[in-house]
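Spelled out, the chains give:
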Amino acid sequence: RAEVRSRVDEVVALFGLEEHVDRRVEALSGGLARRTELARGLLHRPALLLLDEPTAGLDPVARRDLWDALDALRRRDGTTQIVATHLMDEAERCDRVGVLDRGRLVALGPPEALKARLGTETLWLDTPDPAALRDALAARLDVSSRLVGRTVLVEGAEPAALLPRVYEACGPLIEQATVRKPTLEDVFMAATGRAFSEERPSSVVRGPSGFAEHQAGTTDH
């Protein structure tokens, strides 16, 4: 009990709540209320912090402020944070990202390492008939690809250089082609075979040096 007052002062300062300490929580904005919840949960200096989509419903400024506070907590106290999120920019802050598909862990690693598995660039083809385009790429160009919803991910090096040949061989089957650097959303789609918007992710891990996300497929955990 002797530590309570000083500890309250510490967490209030950590989350920038000094001017709101005499207000009732229900009178606070969503971002301030979320920070208050975090401050309350940290009074006993937990080694592990569990956060279930902590930025849901927050505006962009409040989201940024909350993550800044979480980063400060990680750097100062080394608190491990397990966070559920469905926002890929939040997952980018992780040390490790894991993707779950129907209860199976199908990808796990640092964000940059996961993206690197797809190469320096990726080629995505929008098509009305994904299966036909996949088969045509294999038969006409001996190119491997995988179906991701109604999109085809072409595998292999130098996709930009390959693109003219793809159009020449399979142009009538292609509605749109995109060459881009891999993103975590690309990692999710490549690992699960579905667009990210088709699934509801479930959870994430953030350690003393960063952060790891677990995205659920059809099964929450």
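In what follows, the accompanying structure is described. From a predicted model like this one, the values you see are computed outputs, not experimental measurements.

1. Topic: the pattern of salt bridges
Link 1 in the chain: Taken as a whole and assessed by the stated rule, the structure comprises 19 salt bridges.
Link 2 in the chain: Notably, a salt bridge pairs Arg 34 with Glu 37, separated by 3.8 Å at the nearest N-O pair. Of this pair, Arg 34 and Glu 37 both sit in helix α2 (residues 30-41), separated by 3 residues, roughly a single helical turn.
Link 3 in the chain: Take Arg 34: its relative accessible area is 19%, and that puts it in the buried class.
Link 4 in the chain: Residue Arg 63 is joined to Asp 89 by a salt bridge in which the shortest nitrogen-to-oxygen separation is 2.7 Å. Of the two residues, Arg 63 is situated in helix α3 (residues 60-77) and Asp 89 in helix α4 (residues 88-91); the sequence distance between them amounts to 26 residues.
Link 5 in the chain: Asp 89 gets classed as partly exposed once you look at its relative accessible area, which sits at 45%.

2. Some words on helix α1 (residues 4-14)
Link 1 in the chain: Every buried residue belonging to α1 is among Arg 7, Val 11, Val 12 and Leu 14, and all of these are buried. End-on view of α1: buried residues confined to an arc of 160 degrees, all on one side of the axis.
Link 2 in the chain: Where α1 is buried, its residues contact α2 and α3.
Link 3 in the chain: Just downstream of α1 lies Gly 16, where phi reads positive at about 65 degrees.

Thresholds, definitions, all that
Residues numbered from 1 in each chain as written. Predicted model: local features only at pLDDT ≥ 70, side-chain atom pairs only at ≥ 80, totals over all residues. Heavy atoms only, no water. Salt bridge = Lys/Arg side-chain N within 4 Å of Asp/Glu carboxyl O. Helix = DSSP H or I, 4+ residues; strand = E, 2+ residues; numbered from the N terminus. Buried < 20%, exposed > 50% of the residue type's maximum accessible area, 1.4 Å probe, protein only. Arc of directions from axis to C-beta. Contact = heavy atoms within 4.5 Å.

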